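Here is what each chain is made of, one letter per residue.
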Protein chains: 2
Amino acid sequence: MKWIIRVNTRTGNISKQEASNEEMRWGGRLLISKFLLREVPPTCDPLGRHNKLIFAPGLLGDTSVTTTGKFSVGGKSPLTHGVKESDVGGEAGKKIARLGIKAVVIEDIPEKAGTKVLTIGGDQITLSEIPELKGKFVSETIRFLRKRFGREVGIICIGPAGEMKMAGAGVAVSDANDIQVRYAARGGLGAVMGSKGIKAIVVDDSEAVAPQVFDEPLLREVSKDLVQAILEDPKTENRHKLGTPAILMMANELGLLPTRNFREGQFEKAEAICGERIVEVIAERGGDGRSGTPCLRGCVISCSNVFPDPSGKKTVASIQYENITLLGPNCGIGDLDDIAELNQLCNEVGVDTIETGAAIGVAMEAGIIPFGDAEGAKDLIRQIGRGTHLGRILGNGVVITGRVLGVRRVPAIKGQAIPGYDPRALKGNGVTYVTSPMGADHTAGNAFETAKTVDPIGRDNQVENSRRLQIRAAILDTMGLCLFTRPPFVKNPNLFALFLKGRYGWNVTYEDVQKIGLDVLETEREFNRRAGVSEEFFDIPEFMREESLPPRNSVYDLSMEEMQQVWEVKIPNSVF
Amino acid sequence: MKWIIRVNTRTGNISKQEASNEEMRWGGRLLISKFLLREVPPTCDPLGRHNKLIFAPGLLGDTSVTTTGKFSVGGKSPLTHGVKESDVGGEAGKKIARLGIKAVVIEDIPEKAGTKVLTIGGDQITLSEIPELKGKFVSETIRFLRKRFGREVGIICIGPAGEMKMAGAGVAVSDANDIQVRYAARGGLGAVMGSKGIKAIVVDDSEAVAPQVFDEPLLREVSKDLVQAILEDPKTENRHKLGTPAILMMANELGLLPTRNFREGQFEKAEAICGERIVEVIAERGGDGRSGTPCLRGCVISCSNVFPDPSGKKTVASIQYENITLLGPNCGIGDLDDIAELNQLCNEVGVDTIETGAAIGVAMEAGIIPFGDAEGAKDLIRQIGRGTHLGRILGNGVVITGRVLGVRRVPAIKGQAIPGYDPRALKGNGVTYVTSPMGADHTAGNAFETAKTVDPIGRDNQVENSRRLQIRAAILDTMGLCLFTRPPFVKNPNLFALFLKGRYGWNVTYEDVQKIGLDVLETEREFNRRAGVSEEFFDIPEFMREESLPPRNSVYDLSMEEMQQVWEVKIPNSVF
């Protein structure tokens, strides 16, 4: 038996209903898309009464399978004005799943602004006003909630940016020891949470009951296979040691590293900020510094890190590829300590580092501060936290920043900032950014991993490749599996079916699992179609079709017509 | 023979081509819609290379028929992201028409920002850089251009807001004596002009040749009939004496006067700012003050005015209903001198009074300044002119202002501010705002004139009425006729056919003229459909469906489905 929790932020009503048979087939990103299409008027104001904020563990979220603690946060996005699912690690998702909860649906908006905390326990769910938390940074919020609710609860919260309903705001989730904070960063879901007056959600799974698993031995066996396969994969060690920044030097070599507001694809200080250098610095400085830490308990990859300042004290955890790229090279900033501090400031005020780094890049292009001005950039993020006029502009993301400051070179698609892969030099990602229902989002289907098999600046195979990657991402996001578990599934796609058999007893084939991925995408596309934000209306930014990107000097040259075929091409035999 | 002038702002190329037979059938708003659909990629960046800014006199623009000097300015709107036609009086349009020009099409954007002036004469068209004009207010710009080009030229220009590409910027046109400035205000076309680096257009018609008219006696006769009918119409005298503010007291009585960010429909100080009071003040103060002045030579209605300060010196010309309403009651401001000054400040920095008044109302709702703070409001408009961060927010219109300042009660539809008729108390305008390809725009079909025959807060007949009014507006905007010539055409719709017969020799019936109106709307809708901004995606603001509007306490209750029928209902026998 699984539960759907609904919290009405206007009336204060909280309900707990049993999930229907149909809902039992949904999880994570699939559930988000189904609920949104069923319940949220697609043209509604994303920060208004009719939008809903949904938290949903993946289908495997309540198992002990490794990395399945990723959970989905979703709603209509104030950035893209379409469907948004953003998934995140940390501890809270696993706890929600262990409580037998399929989804927490936050509805309506309060008549008066407030600073409420939703506490979810085994048999009690309450919504209470905690005015002391108003305007508090994320770390302060977590500290406060720890004091009140203890060490074992899972915590989800927003920073001041979310409270101020800035469309660049994300939803933060703490890890087991509050060392690192993870973000459901993209799409402005922090603003949706803020619009509903919810500052934080506290999850107490102390009364959780183990789920009824259909075939425990099978699940255990497949789980072992997965762990084994992950550990054997050559990428895993690299990810464990270097984390996501492992790819920075290759991104730089491929000339796709966004540099100075996407003017160049290589950064002259790349070596000073790459994964290898981070590991060295962490080792040199000692103290709080760590490489290879997990974002959630039981992850065998453990790609996170704790980046310390010169004295060994933690600056930020975890510093990652996208954060480095958008806050670093994209702003002309090449000092790791500066980037770590910028990253931490984003985490504290509660904004997406990608959206914010891109917005700062545009502000630099507008001449607000010069490229490379790290102290100026820090001040800008602090201004977001304080809600100054300029801070509010930037906090609302790169498109608003470009419009308000009169800049034409705005790296965004469908209202959302382009992440750390310039589509001129990685054209498969251009296809994903344009055609994904999520807008510019690398996690929706990142062609970086196939850069060796599909020529990144060629025109061949980009559409088919993006399609394959997008379907795969949709499946993983529905399972609650981290995207880094791709390699074992590439080798043995049938693993998915075995997991679903073991957990639920479903007799599904690999083809059925593919259909789950397609169902996600089609449901999301239908929501977007009704919202007026179908993919055919949002091309690559015009400047990327005009300006060639040094050093490879490519422009983006896949036409809209070509890219739209992504949803028409025949399903390939394997999406992996 | 008629000409299409094309000016490429990147290459500096200027071409003059003969209009094709097909183009000869187009004028004003119809021409704008046809050109945009034919030449502008609907999903393009409105401030980018692919948008075009088009100036087009109406079909009767080159005749001496009264009020036909209204001309159309168009392009893809940076506010609505759809098709935009904004028509305007003043002298320049008539001069463009007299030169035999069907359209001036400004293309591409310059590689480097500049402050260029386009001069259009009988046989010479030139584009020259005049750096002294950079950042100049509208009146300074006009004064400068007069000195250089003389008293007889027509002048079109933008203020600093347009130069800074603010989406609330309009295009200004001077009258014969530079006493009043008229605006193609809506939709942000001033920003499009700014994006193209064009500060002003100067039109010298001294070498104009009279057009070859098909049947001069017929045209003269029909023209006389029109003048006669206008003069006999009971509304004309009122309009001449009181101008557009004539309706303010009735709007207040009907409870549809936007007050304090559309919170109320009646303003306690309405009597102090109504048309009758304006006439009294003008008469009392003397000096520059005038009532019943024309915005273009030869207009028999002459609904404009010159509003003086207590010493008799002109504050603004002309002060009009929308300006008063949005800058006055909507901001809680009830002093005519304050409102006149706010209006003049908008005219100087070059922003739409409706968009700006609505944005200030939202800023007041956000607590930036209190409602009723006239000095604060003046400062905000000055900040738009200076391009401060807050000024840039406001100058980009009410939707951006609401998003950046975190306000949910934003009176806008399809990105554009709602004008001076709250749709909760004038539901026909709600239908127009939602379904017009122009977004919230009263000139696209204003049900105020039918408030006596169609119950403004009832649900009956609103859709049919809006349809009728929208088709009629499209015809008038295509002819180049002021909307105030409606009454004679209501009495004798065949006048249109006679005008077209006299001017061009077209054998058209009244039904054919109706089809012209429908052709305009269908062409515009097709552009919007391809741009992703079809009417089905933009409802009335949510708060207007929730909050009842005092004193009549109505909410907006026509459903989207009902409103969408506007384009499906059978063409009524008469659109007049």
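For the structure given in this document, a descriptive report is provided here.

Cut-offs and rules
- Residues numbered from 1 in each chain as written.
- Chains lettered and ligands numbered in written order.
- Predicted model: local features only at pLDDT ≥ 70, side-chain atom pairs only at ≥ 80, totals over all residues.
- Buried ≥ 20, exposed ≤ 12 C-beta atoms within 10 Å, placed from the backbone.
- Helix = DSSP H or I, 4+ residues; strand = E, 2+ residues; numbered from the N terminus.
- Contact = placed C-beta atoms within 7 Å.
- Pairing = 2+ DSSP bridges.
- Axes fitted to C-alpha atoms, helices over the stretch in contact; angles between N-to-C directions.
- Nonpolar A, V, L, I, M, F, W, Y, C, P; charged D, E, K, R; others polar.
- Least-squares fit on C-alpha atoms with pLDDT ≥ 70 in both.
- Parallel < 35°, antiparallel > 145°, perpendicular 65-115°, else oblique.
- Left-handed = near helix turned anticlockwise from the far one by under 90°.

Notes on helix α16 (residues 398–405) of chain A
Moving on, step 1. Among the 8 residues that make up α16(A), 8 are buried, leaving the element largely enclosed by the rest of the structure.
Moving on, step 2. By the burial criterion, the buried members of α16(A) are Val398(A), Val399(A), Ile400(A), Thr401(A), Gly402(A), Arg403(A), Val404(A) and Leu405(A).
Moving on, step 3. Against the buried residues of α16(A) lie α13 (353–365), α15 (389–395), β16 (412–413) and β17 (416–417) of chain A together with α15 (389–395) and α16 (398–405) of chain B.
Moving on, step 4. A positive phi of about 70° marks Gly406(A), the residue just after α16(A).

A closer look at the sheet that holds strand β12 (residues 198–203) of chain B
Residues and elements named next belong to chain B.
Moving on, step 1. Read across the sheet, 6 strands follow the order β8-β7-β12-β9-β10-β11 without closing on themselves; strand pairing throughout is mixed. The open sheet is flanked by β8 (125–129) and β11 (181–184), the only strands paired with a single partner. On average, each strand axis in the sheet is inclined to that of its neighbour by 20°, with strand direction left out of account.
Moving on, step 2. In this sheet, strand β10 (residues 171–174) lies alongside strand β9 (residues 154–157) in antiparallel orientation, the contact comprising 2 bridges. The residue of β10 that forms the bridge with Cys157 is Ala172.

Examining the interface of chain B and chain A
Moving on, step 1. Taken together, the contact between chain B and chain A spans 26 residues of the former and 26 residues of the latter.
Moving on, step 2. Sorting the residues of the side of chain B that touches chain A by element identifies α15 and α16 of chain B as the ones contributing at least two each.
Moving on, step 3. Here the residues of the side of chain B that touches chain A sort into 11 nonpolar, 7 polar and 8 charged.

Concerning the sheet that holds strand β12 (residues 198–203) of chain A
Residue and element names in this part refer to chain A.
Moving on, step 1. The 6 strands are arranged β8-β7-β12-β9-β10-β11 in an open sheet whose pairing can be described as mixed. The sheet is open, and its two edges are formed by β8 (125–129) and β11 (181–184), each paired on a single side. Across the sheet, the mean angle separating the axes of adjacent strands is 20° when strand polarity is ignored.
Moving on, step 2. Inspection of the sheet shows strand β10 (residues 171–174) paired to β11 by 4 bridges, in the antiparallel sense. Within β11, the position partnered with Ala172 by the bridge is Tyr183.

A closer look at the relation of the copies chain B and chain A
Moving on, step 1. Expressed as a screw transformation, the operator carrying chain B onto chain A has a rotation angle of 180° and an axial translation of 0.0 Å, and the superposed copies differ by an RMSD of 0.0 Å. Put plainly, the chains are arranged around a two-fold axis.

Points about helix α8 (residues 234–242) of chain B
Moving on, step 1. Among the residues of α8(B), Thr236(B), His240(B) and Leu242(B) are the ones counted as buried.
Moving on, step 2. Residues of α8(B) that are buried sit in contact with α7 (216–232), α10 (275–285) and β13 (290–293) of chain B.

Focus on the environment of Ile381(A)
All names here are of chain A.
Moving on, step 1. Tracing the sequence through the fold places Ile381 in helix α14 (residues 374–386).
Moving on, step 2. Residue classification places Ile381 among the buried positions, given that 28 C-beta atoms sit within 10 Å.
Moving on, step 3. Spatially, the C-alpha atoms of Ile381 and Glu221 are 47 Å apart, while their sequence positions differ by 160 residues.
Moving on, step 4. Ignoring anything within four residues of it in the chain, the contact list for Ile381 reads Leu342, Leu345, Cys346, Val349 and Thr356.

Things to note about unusual backbone geometry
Moving on, step 1. Here the residue pair Ala317(A) and Ser318(A) is connected by a cis peptide bond, since its omega of 0° sits within 30 degrees of zero.
Moving on, step 2. Note on placement: Ser318(A) falls in the loop between β15 (314–316) and α11 (321–327).
Moving on, step 3. The omega angle of the peptide bond from Pro550(B) to Pro551(B) is 5°, so this bond is cis rather than trans.
Moving on, step 4. Here Pro551(B) is to be found in the loop between α22 (542–546) and α23 (560–564).
Moving on, step 5. The phi dihedral of Lys165(A) is positive, around 60°, even though this residue is not glycine.
Moving on, step 6. Position of Lys165(A) relative to the elements: it lies in the loop between α5 (160–163) and β10.
Moving on, step 7. On the neighbour-count criterion, Lys165(A) (29 C-beta atoms within 10 Å) is buried.

Comments concerning the packing of helix α17 (residues 427–435) of chain A against helix α18 (residues 462–479) of chain A
Residues and elements named next belong to chain A.
Moving on, step 1. Closest axis-to-axis distance for the α17/α18 pair is 8 Å, and the angle between their directions is 60°. In terms of axis orientation, α17 runs oblique to α18. The handedness of the crossing between α17 and α18 comes out as right-handed. Within the contact between the two elements, α17 uses Lys427, Gly428, Val431, Thr432 and Thr435 and α18 uses Gln462, Val463, Asn465, Ser466, Leu469 and Gln470.
Moving on, step 2. In terms of residue class, the contact of α17 with α18 is made up of 3 nonpolar, 7 polar and 1 charged.

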